[in-house]
Amino acid sequence: MLFKKLSITLIIVFSILAQTFNVFAAEVILGGESIGIELDYEGILITGTYDISIDNTKYNPSSDGYQTGDLIISVNNHKVKSISHLMENVEKEIEKHNEITLQIKRNNVILDKKLKYQENNGKFSTGLYVQDGLTGVGTITYYNPTNHHFGALGHIMNDVELSSTSVIKKGKIYNSYVKKINPSQNGKPGEKIAEIGNIEIGTVFDNNNYGIYGSYLQSQLLKNQTISTATIDEVEEGEAYFLTVLDGHTISKCQINITHLKKQTKPDIKGITFEITDEKVISLTNGIVQGMSGSPIIQNGKLIGCVTHVDVNDVHKGYGLYIDWMLENDNV
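Residues numbered from 1 in each chain as written. Predicted model: local features only at pLDDT ≥ 70, side-chain atom pairs only at ≥ 80, totals over all residues. Heavy atoms only, no water.

Some points on the pairing of strand 8 (residues 101-106)
- With five of six residues buried, strand 8 lies mostly within the body of the structure.
- Two strands pair when backbone bridges link them, and strand 6 (residues 71-75) and strand 8 are joined in this way by four bridges, in the antiparallel orientation. Residue pairing across strands places Ser74 opposite Gln103, the latter belonging to strand 8.
- As paired elements, strand 8 and strand 9 (residues 109-114) share six bridges and run antiparallel to each other. Its bridge partner lying in strand 9, Lys105 is registered against Ile110.
- Taking the residues that link successive antiparallel strands as the turn, the strand 8-strand 9 hairpin has two residues, and the phi of Asn107 there is positive, at about 50 degrees. (Buried < 20%, exposed > 50% of the residue type's maximum accessible area, 1.4 Å probe, protein only. Helix = DSSP H or I, 4+ residues; strand = E, 2+ residues; numbered from the N terminus. Pairing = 2+ DSSP bridges.)

So, the pattern of salt bridges
- In the structure shown here, the tally under the stated rule is nine salt bridges.
- In this structure, Glu195 and Lys179 form a salt bridge, with 3.3 Å as the shortest nitrogen-oxygen distance. Here Glu195, found in strand 15 (residues 190-208), pairs with Lys179, found in strand 14 (residues 171-182); they are 16 residues apart in sequence, far enough to count as distant.
- The exposure class of Lys179 is partly exposed, given its relative accessible area of 47%.
- The salt bridge involving Asp314 is made with Lys317; its shortest N-O contact spans 3.8 Å.
- Using a relative accessible area of 35% as the deciding quantity, one classes Lys317 as partly exposed. (Salt bridge = Lys/Arg side-chain N within 4 Å of Asp/Glu carboxyl O.)

A short note on unusual backbone geometry
- The backbone of Asn56 sits at a positive phi, close to 65 degrees, despite the residue not being glycine.
- As for its position among the elements, Asn56 is in the loop between strand 4 (52-54) and strand 5 (57-59).
- Overall, the relative accessible area of 78% leaves Asn56 in the exposed class.
- Within the chain, His97 stands out as a residue other than glycine whose phi angle is a positive 60 degrees.
- Along the chain, His97 turns up in the loop between helix 1 (83-95) and strand 8.
- Classification of His97 as exposed rests on a relative accessible area of 72%.

Focus on the environment of Thr203
- Here Thr203 lies in strand 15.
- Between the C-alpha atom of Thr203 and that of Ser215, which follows or precedes it by 12 residues, the distance is 5.3 Å.
- With residues up to four places along the chain from it excluded, the contact list for Thr203 reads Phe150, Gly171, Lys172, Tyr213, Gly214 and Ser215. (Contact = heavy atoms within 4.5 Å.)

Focus: the nonpolar core
- In terms of nonpolar packing, the biggest core is built from 43 residues, with Tyr142, Phe242, Ile256, Ile258, Phe274, Ile276 and Ile297 touching the most fellow members.
- When residues no more than four places from it in sequence are discounted, the contact partners of Ile297 are Ala240, Tyr241, Phe242, Ile256, Phe274, Lys302, Leu303, Ile304, Gly305, Cys306, Val307 and Gly320.
- Formed by 21 residues, the second largest nonpolar core is a distinct cluster that contains Tyr41, Leu71, Tyr143 and Ile168. (Core = buried A, V, L, I, M, F, W, Y, C linked by side-chain atoms within 4.5 Å.)

Concerning the packing of aromatic side chains
- In this structure the tally under the stated criterion is three aromatic pairs.
- Taking 4.8 Å as the distance between ring centres and 45 degrees as the angle between the ring planes, the aromatic pair formed by Tyr50 and Tyr129 counts as tilted. Of the two residues, Tyr50 is situated in the loop between strand 3 (34-49) and strand 4 and Tyr129 in strand 12 (residues 128-144); the sequence distance between them amounts to 79 residues.
- With relative accessibility at 14%, the residue Tyr50 sits in the buried group.
- Ring geometry for Tyr143 against Tyr216: centres 5.2 Å apart, planes inclined by 80 degrees, an arrangement best described as edge-to-face. Residue Tyr143 is located in strand 12, and its partner Tyr216 is located in strand 16 (residues 211-216); the two are separated by 73 residues in the primary sequence.
- Judged by relative accessible area, which is 2%, Tyr143 ranks as buried. (Phe/Tyr/Trp six-rings, centres within 6.5 Å; stacked < 30°, edge-to-face > 60°.)

What to know about helix 1
- Relative to the 18 Å expected for 13 residues at 1.5 Å per residue, helix 1 spans 18 Å between its end C-alpha atoms, a close match to the ideal helical length.
- Within the span of helix 1, buried status applies to Ile83, Leu86, Asn89, Val90, Glu93 and Ile94. The arc enclosing the buried residues of helix 1, seen along the axis, measures out at 140 degrees, which places them on a common side. Along helix 1, the residues that are exposed and aim more than 90 degrees away from the buried face are Ser84 and Glu95.
- The inward-facing, buried residues of helix 1 abut strand 3, strand 6, strand 7 (78-79), strand 10 (118-120), strand 11 (123-125) and strand 12.
- Phi turns positive one or two residues past the end of helix 1, at His97, with a value near 60 degrees. (Expected span 1.5 Å × (residues − 1). Arc of directions from axis to C-beta.)

Some words on the side chain of Asn89
- For Asn89, the location among the structural elements is in helix 1.
- Among the residues examined, Asn89 registers a relative accessible area of 10% and is labelled buried.
- When sequence neighbours within four positions are dropped, the list of residues in contact with Asn89 reads Val75, His78 and Val80.

Comments concerning the environment of Ser34
- Counting through the fold element by element, Ser34 comes out in strand 3.
- Taking C-alpha positions, Ser34 is 8.3 Å from Ile251, a pair spaced 217 residues apart along the chain.
- Each residue touching Ser34, except ones within four places of it in the same chain, is listed here: Val137, Gly138, Tyr174, Asn175, Ser176, Val178 and Val245.
- One polar contact links Ser34 to Ser176, side chain to side chain, over a distance of 3.2 Å. (Polar contact = N/O pair within 3.5 Å; in protein donor to acceptor, adjacent residues only side chain to side chain.)

This is the structure:
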């Protein structure tokens, strides 16, 4: 049996120390929109194995060395990039009664592995759980009119349930409609429940510790506001707000109080510590929820960073990434 794409929600709950430097201010176009993100592996990722029966004998692919995190890149030397393509090629080889060899990429080394399968009434099972990409919901931070790039999330997008170090770098972003909010509770962050639409907004070219970056389509910027970015030294403790979608496509303002700033000299996460003070938003979300990652933070009329993490022990509190570090990473 072959499994489909894994969907993940986007906000991280861990903490890391940090430290500061100034990048020149820029003029960008303000985000705040909810987006659906689809990132594609350059192949098909093995996420686990299960038992099948071959000639009335129990068999598990792990006994032949298949590992979680292996990337299937071809079937009998025919390249495959999606689950449907993988299934199609395997079925063709089965119909021809050919022996099947999968080319596996593991830690940048290519390995050949024989594929065994269980066939029952014209259907086959391989004993491999696989996925060909990740999908999730997050928030656009900014659009850069100078290079036509966007920045979003403020942290890496990966599957925390897998031990694989594989990071997907490429994909697409789409419009997203927020249907409801599951409120946060201390110890259990909530989430935006959203549908990913079919209107393409842009193409992703990088996915790293400081967000996802890509090229946007000009048609998306109909009424968005142009805003200056603040250098790290301009950011202050005190009042600010962030923009995010809590219902449908409507961008809402959420008042916050910045309680601590880390002076960082190189890109690092969690430079901004804040708490939500907006009672209207708290009544809907009870704090920071998954899907707010990337929500742009504005103070004194300037874009200072974005929401990235929730304090899992006190979900009214959270962390942000300085906009300087996003602009520094938007360098392709």
